[in-house]
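Chain by chain, the residues run as shown.
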Amino acid sequence: EPFRASGVVMAEPSGPVISRYIFGQFSEHLGRGIYEGIWVGPDSRIPNVRGIRSDVVGALKAIHVPVVRWPGGCFADEYNWRDGIGPRSKRPARKNNWWAGSPETNAFGTHEYFDFVEQIGADAYVSMNVGASTPTEMRQWVEYMTSEAEDTLAQERRRNGRDKPWPVKFIGIGNEYWGCGGKMTPQQYARDFMRFTAFYHPQPGQAATRVAVGAKNGLTGWTDAVMAEALENMDALSVHYYTSPTGNVDVTKPATGFDAQDWADTFVQTLKMDEYVSAHSRVMDAHDPQKRVALFIDEWGTWYTVEPGTDPGHLYQQNSLRDALVAAVNFDIFIRHADRVRMANIAQTVNVLQSLILTRGPQMVLTPTYYAYQMYVPFQEATALPLRLAAPDIKVGTTWMPSLSGVAARATNGDYLVALSNLSPHDAVEMRLDLRDLHVQAISAQILTADDMDAHNDFGRSDTVKPHTFDEARLENGYLVVMQPAKSLIVLTLK
Ligand code: AHR
């Protein structure tokens, strides 16, 4: 049975600009995320440029990835940057203590990371080792990356093949200090943050955005304490929130082969992002009413049971239509909070958790989540517009959940954009959207949907879920009228 919904998009008052960085990425040394997923080495038979696989670069360039956070995650707090520079044959072999004790060859280090972000056209977000390191080591790494002078570290960088300094746009001062970063209190973290940032010396005019470790989920006590004690040196504060259908990432459920109840539970859990962002924003408003400090959701995504036969410490999971809609719902939340949320980094780009890309040897698969990113590209740097939706809650399994999510914006080229997700796994929605304020002449649309809730792309079957042109939306006296299929995302371009 189709259900009905309505809405109105207003041209005024326009909201904030939607930072392109909310479509950012996170890539850690974890499982096959970097090694195999991004780095195959210059001698690989997999086509590559200086060791970085060309298929992955091509796919990431196509969706205008704005930023990649690296090298962790938990891994960042054990990373010695010196291990990853100089001739690769001489780099030390280490064990990745956080992630299954896997061998860490250090073949992918600072130079390879910057080569990668330059190849895909993204900005750098480097996470410093704070938990297990010193301000001196941080200062030296920063100097190695950014110094323009003739000093020893800059000369070492030049000897290692890079003459010009790299722009480090974002610098993370630690990771999950309440957890794998050292199990500290927010007061302890605030002191360490102030101490480390005191020894951060950017080149003139090149100051990075200094990102403080923020809370897990909705724990606003951390935000409050860190804002109270470290506001002065902070440009952004992070939050990490992962979606598990059980509400707990330690109790996982499969990425495919799930039922409608799991579908509903996943959306109920992922929608908590809105609650958490609102709560953290309120606390930040109290300390920083001018909204100088940004909120970065620099780890988010779905966390399911690993694929059978894979190492539980490698966090390799499939990715279905459900994940694409989870991504869309989260984009919508970030866009609705664009005044404060100015970056978000999905965990993680390739082969780890909610990936955009899966690889197996020379093969590459683009996931439904990849296509959600692709469909939202026009929202990068667009101006948010008010969209009021009136849609019923629906009962799925034993759970009540919202049926729709959506946002509107004006793109940088002047087009109006509307994204709508029908979250019902069973029913279409008969949608009537009042666009009279926009004076629209023409509509074009793309849809992402499939027959099964867990439809996914796999090796040898790589285009089960991908966007298609959708020509069933029509204009009637300034209203958009559309029958939107169950479990679908549509993005409309209105001229
Ligand atoms: O993304 C996987 C891990 O999740 C990260 O390393 C850590 O920061 C978080 O707990």
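Note that the structure is predicted; figures quoted are calculated from it, not measured. (Residues numbered from 1 in each chain as written. Predicted model: local features only at pLDDT ≥ 70, side-chain atom pairs only at ≥ 80, totals over all residues.)

## What about the overall build of the protein chain?
Tallying secondary structure elements over the protein chain gives 10 helices and 27 strands in all. If you line up the protein chain on its principal axes, its C-alpha atoms span 70 × 50 × 40 Å. Out of the 495 residues belonging to the protein chain, those deemed buried represent 50%. (Helix = DSSP H or I, 4+ residues; strand = E, 2+ residues; numbered from the N terminus. Buried ≥ 20, exposed ≤ 12 C-beta atoms within 10 Å, placed from the backbone.)

## Regarding the pairing of strand β23 (residues 443-448)
Bridging between β23 and strand β27 (residues 488-494) involves 6 bridges; their strand directions are antiparallel. In the strand pairing of β27, serine 444 is matched with threonine 493. With 2 bridges joining them, β23 and strand β24 (residues 468-469) adopt antiparallel strand pairing. If you follow glutamine 446 over to β24, its bridge partner there is threonine 469. (Pairing = 2+ DSSP bridges.)

## Some remarks on the sheet that holds strand β5 (residues 67-70)
Pairing within the closed barrel is parallel, and its 8 strands lie in the order β2-β5-β8-β9-β10-β11-β12-β13. Going from strand to strand, the sheet's axes swing by 30 degrees on average, the running direction of each strand aside. Where strand β8 (residues 123-128) meets strand β9 (residues 170-173), 4 bridges bridge the pair, whose relative direction is parallel. If you follow methionine 128 over to β9, its bridge partner there is isoleucine 173. (Axes fitted to C-alpha atoms, helices over the stretch in contact; angles between N-to-C directions.)

## Looking at the domain arrangement of the protein chain
Per the domain assignment, the segments making up the protein chain are domain 1 (3-10 + 385-494) and domain 2 (20-381). The C-alpha-based centres of domain 1 and domain 2 are spaced at 29 Å. Each side of the interface is counted separately: domain 1 has 37 residues, and domain 2 has 37 residues. Contributing elements (two or more residues each) for the side of domain 1 that touches domain 2: β19 (399-402), β20 (404-410), β21 (416-422), β23 and β27. When residues of the side of domain 1 that touches domain 2 are assigned to their parent elements, the largest contribution, 4 residues, is made by β20. Counted by class, the side of domain 1 that touches domain 2 contains 19 nonpolar, 13 polar and 5 charged residues. (Domains from an automatic or database assignment. Contact = placed C-beta atoms within 7 Å. Nonpolar A, V, L, I, M, F, W, Y, C, P; charged D, E, K, R; others polar.)

## Some thoughts on the sheet that holds strand β17 (residues 387-390)
The strand order across the open sheet formed by 5 strands is β17-β1-β22-β26-β25, and the pairing between neighbours is mixed. Of all strands in the sheet, those with a lone pairing partner are β17 and β25 (474-476), marking the two edges. Taking the axes of each pair of neighbouring strands and ignoring which way they run, one obtains an average angle of 25 degrees across the sheet. Of the pairings in the sheet, the one linking β25 to strand β26 (residues 479-484) comprises 3 bridges and is antiparallel in character. What sits directly across from leucine 475, in β26, is leucine 480.

## What about helix α7 (residues 260-270)?
A turn of α-helix holds 3.6 residues, and therefore any two residues three or four places apart point the same way. Taken as a whole, α7 has its buried residues at Asp262, Trp263, Ala264, Asp265, Thr266, Phe267 and Thr270. Lining the buried residues of α7 we find β11 (236-243), α8 (272-287), α9 (321-336), β18 (393-396) and β19.

## Observations concerning the site of the ligand
Surrounding the ligand, one finds Glu28, Gly72, Gly73, Cys74, Asn175, Glu176, Glu299, Ala347, Gln348 and Leu353. Here the residues of the shell around the ligand are counted per class, giving 3 nonpolar, 4 polar and 3 charged. (Near = placed C-beta within 6 Å.)

## As for the nonpolar core
Counting residues in each nonpolar core, the largest one holds 155 residues, and the members touching the most others are Ala372, Leu417, Val418 and Leu489. For this core, the two domains that each supply at least three residues are domain 1 (3-10 + 385-494) and domain 2 (20-381). Discounting chain neighbours no more than four positions away, the residues touching leucine 489 are Ala324, Leu325, Ala328, Ala372, Met375, Ala419, Ser421 and Leu448. (Core = buried A, V, L, I, M, F, W, Y, C linked by C-beta atoms within 7 Å.)

## Quick look at the UniProt feature "domain: Alpha-L-arabinofuranosidase C-terminal" (unreviewed entry) in the protein chain
Those residues carrying the UniProt feature "domain: Alpha-L-arabinofuranosidase C-terminal" (unreviewed entry) are residues 298-488 in this numbering. Structurally, residues 298-488 is divided into 13% helix and 38% strand, and its ends, taken at the C-alpha atoms, are 26 Å apart. (UniProt positions renumbered as here; feature names shortened; annotations may be inferred.)

## Digging into the packing of helix α3 (residues 135-146) against helix α4 (residues 152-159)
Contact geometry for α3 and α4: axes closest at 8 Å, N-to-C directions at 55 degrees. One way to sum up the angle between α3 and α4 is to call them oblique. Relative to α4, α3 is oriented so that their crossing is right-handed. Counting all contacts with α3, which are made through Gln140, Glu143 and Tyr144, the residues of α4 involved are Leu153, Glu156 and Arg157. Taken together, the residues of the contact of α3 with α4 break down into 2 nonpolar, 1 polar and 3 charged. (Parallel < 35°, antiparallel > 145°, perpendicular 65-115°, else oblique. Left-handed = near helix turned anticlockwise from the far one by under 90°.)

## Concerning helix α1 (residues 54-62)
Val56, Val57, Ala59 and Leu60 are the residues of α1 that are buried. The arc enclosing the buried residues of α1, seen along the axis, measures out at 165 degrees, which places them on a common side. Here the buried face of α1 lies against β4 (52-53), α2 (110-120), β14 (357-360), β15 (363-366) and α10 (368-376). Immediately beyond the C-terminal end of α1, within one or two residues, lies histidine 64, with a positive phi of roughly 55 degrees. (Arc of directions from axis to C-beta.)

## Things to note about unusual backbone geometry
Glycine aside, negative phi is the norm for most residues, and most peptide bonds take the trans geometry. Proline 71 follows tryptophan 70 through a cis peptide bond whose omega is 5 degrees. Mapped onto the elements of the fold, proline 71 is located in the loop between β5 and β6 (94-96). Residues other than glycine seldom take positive phi values, yet histidine 64 does so here, at roughly 55 degrees. Histidine 64 gets classed as partly exposed once you count the C-beta atoms within 10 Å, which come to 16. A positive phi is found at histidine 439, a non-glycine position, where the angle reads about 50 degrees. Within the secondary structure, histidine 439 is located in the loop between β22 (429-434) and β23.

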